[in-house]
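Notes for the structure review
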Amino acid sequence: DTEVTQTPKHLVMGMTNKKSLKCEQHMGHRAMYWYKQKAKKPPELMFVYSYEKLSINESVPSRFSPECPNSSLLNLHLHALQPEDSALYLCASSQARTAGTEAFFGQGTRLTVV
Amino acid sequence: DQQVKQNSPSLSVQEGRISILNCDYTNSMFDYFLWYKKYPAEGPTFLISISSIKDKNEDGRFTVFLNKSAKHLSLHIVPSQPGDSAVYFCAASSGNTGKLIFGQGTTLQVKP
């Protein structure tokens, strides 16, 4: 199983809503990531979790709150987002966060903030 | 400052011919390079990677070449197939951060 599963696939939320994106992998990977991709742009790293601990936060606004409940799950809690936060949110995992380990990506959640 | 650059936004190739996608980088600390393929509305799919200690890695129709002195890598696809039509991203990482830095992507179209 080389799959990273993200739910939901699409999400429309208002600026006052609270919602969560979910990501799951069963490959035994110990590093998990959140990336954000705007239209016609490359994916940009948001957060890195290594062994369920947050190791990198790329200066992401606090309205995005990551959570890693266990080694297979990664959540991204959203609150008070802005329309410019609309994007494709990608979860990825890798065996470890060292160079030389390929990251496998999920299908993404297409988020629209209205 | 873009550390990973793919200067060709698009490439069109005839089916059966070779596709060559190029990528340049500026950070000499990068020690691992990857190519991903992406269809619209899907996540990137890992294709092939290469460590900075090698200059070539081959997997079926896909070969990646690395020229460290020029800070340049390329992905060769031969023979190209219509199903290869997608956006190709070059990515680089260094040390133990796990962070991938992506290029802007090249849209490959393989014509039947």
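In this text the structure is predicted, and so the values were computed from the model without any measurement. (Residues numbered from 1 in each chain as written. Chains lettered and ligands numbered in written order. Predicted model: local features only at pLDDT ≥ 70, side-chain atom pairs only at ≥ 80, totals over all residues. Heavy atoms only, no water.)

1. Concerning the overall build of chain A
Secondary structure summary: chain A contains zero helices and eleven strands in total. Going residue by residue from the N terminus, the α and β elements of chain A occur as β-β-β-β-β-β-β-β-β-β-β. Here the C-alpha atoms of chain A give a radius of gyration of 13 Å, agreeing with the 13 Å that 2.2 N^0.38 yields for 114 residues. Principal-axis analysis of the C-alpha atoms gives chain A an extent of 40 × 25 × 20 Å. In chain A, buried positions account for 45% of the 114 residues. Contacts in chain A between residues at least 24 apart in sequence constitute 54% of all its contacts with a sequence separation of at least 6. Accessible surface, chain A: about 5,600 Å² in total, of which carbon and sulfur atoms supply 49%. When the 13 basic and 10 acidic side-chain charges of chain A are each reduced to a single mean position, those positions are 6 Å apart. (Helix = DSSP H or I, 4+ residues; strand = E, 2+ residues; numbered from the N terminus. Rg over C-alpha atoms; globule rule 2.2 N^0.38 Å. Buried < 20%, exposed > 50% of the residue type's maximum accessible area, 1.4 Å probe, protein only. Contact = heavy atoms within 4.5 Å. Areas by Shrake-Rupley, 256 points an atom, 1.4 Å probe, with all protein chains shown as cover. Lys, Arg positive; Asp, Glu negative; His and termini not counted. Charge placed at Lys NZ, Arg CZ, Asp CG, Glu CD.)

2. Some points on the pairing of strand E9 (residues 87–94) of chain A
Residues and elements named next belong to chain A. Counting buried residues along E9, eight of its eight residues qualify, which places the element largely inside the surrounding structure. Bridge analysis of E9 against strand E11 (residues 109–113) gives three bridges, and the strand direction is antiparallel. Counted as the bridge partner of Leu88 is Arg110 from E11. The sheet contact formed by E9 and strand E10 (residues 104–105) spans two bridges and is antiparallel. Bridge pairing in E10 places Ser93 opposite Phe104. (Pairing = 2+ DSSP bridges.)

3. Things to note about the packing of aromatic side chains
Here the structure, examined in full by the defined rule, presents 13 aromatic pairs over all chains. Judged by centre distance (4.6 Å) and plane angle (40 degrees), the rings of Tyr25 of chain B and Phe33 of chain B are tilted. Taken together, Tyr33, Tyr35, Phe104 and Phe105 of chain A together with Tyr36, Phe46, Phe89 and Phe102 of chain B form an aromatic cluster joined through their ring pairs. (Phe/Tyr/Trp six-rings, centres within 6.5 Å; stacked < 30°, edge-to-face > 60°.)

4. Remarks on the interface of chain A and chain B
Quoted interface sizes are often the accessible area lost when the parts come together. Of the residues lining the interface, 22 residues belong to chain A; the matching set on chain B comes to 23 residues. Taken together, the two surfaces of chain A and chain B that pack against each other cover about 1,800 Å², and 58% of this comes from carbon and sulfur. For the interface between chain A and chain B, the tally reads one salt bridge. Between Glu58 of chain A and Lys99 of chain B there is a salt bridge, and its shortest N-O distance comes to 2.6 Å. Those elements that provide at least two residues to the side of chain A that touches chain B are strand E4 (31–37), strand E5 (44–50) and E9 of chain A. Among the elements that line the side of chain A that touches chain B, the one with the most residues is E4 of chain A, at three residues. (Buried area = accessible area lost by both parts, 1.4 Å probe. Salt bridge = Lys/Arg side-chain N within 4 Å of Asp/Glu carboxyl O.)

5. Examining the nonpolar core
Within the largest apolar cluster, 24 residues are counted, with the highest numbers of intra-cluster contacts made by Phe33, Trp35, Leu73, Leu75 and Tyr88 of chain B. Counting only elements with at least two residues in this core, the list comes to strand E3 (19–25), strand E4 (32–38), strand E5 (45–51), strand E7 (62–67), strand E8 (72–77), strand E9 (86–93) and strand E11 (106–111) of chain B. With near-sequence residues (within four places) excluded, Leu75 of chain B lies in contact with Ser19, Ile20, Leu21, Trp35, Leu47, Ile48, Phe62, Thr63 and Tyr88 of chain B. In terms of nonpolar packing, the next biggest core, distinct from the first, is built from 22 residues, Met32, Phe47, Tyr49 and Leu78 of chain A among them. (Core = buried A, V, L, I, M, F, W, Y, C linked by side-chain atoms within 4.5 Å.)

6. Concerning the pairing of E5 of chain A
Residue and element names in this part refer to chain A. Here E5 lies mainly inside the structure; six of its seven residues are buried. With six bridges connecting them, E4 and E5 associate as antiparallel partners. Bridging across to E5, Ala31 finds its partner in Ser50. The antiparallel hairpin formed by E4 and E5 contains six residues in its connecting segment, where Lys40 sits at a positive phi of about 60 degrees. Note: E5 against strand E6 (residues 53–57), four bridges, orientation antiparallel. Looking at E6, one finds that Phe47 is bridged to Asn57. What sits between E5 and E6 in their antiparallel hairpin is a turn of two residues, with Tyr51 showing a positive phi close to 50 degrees.

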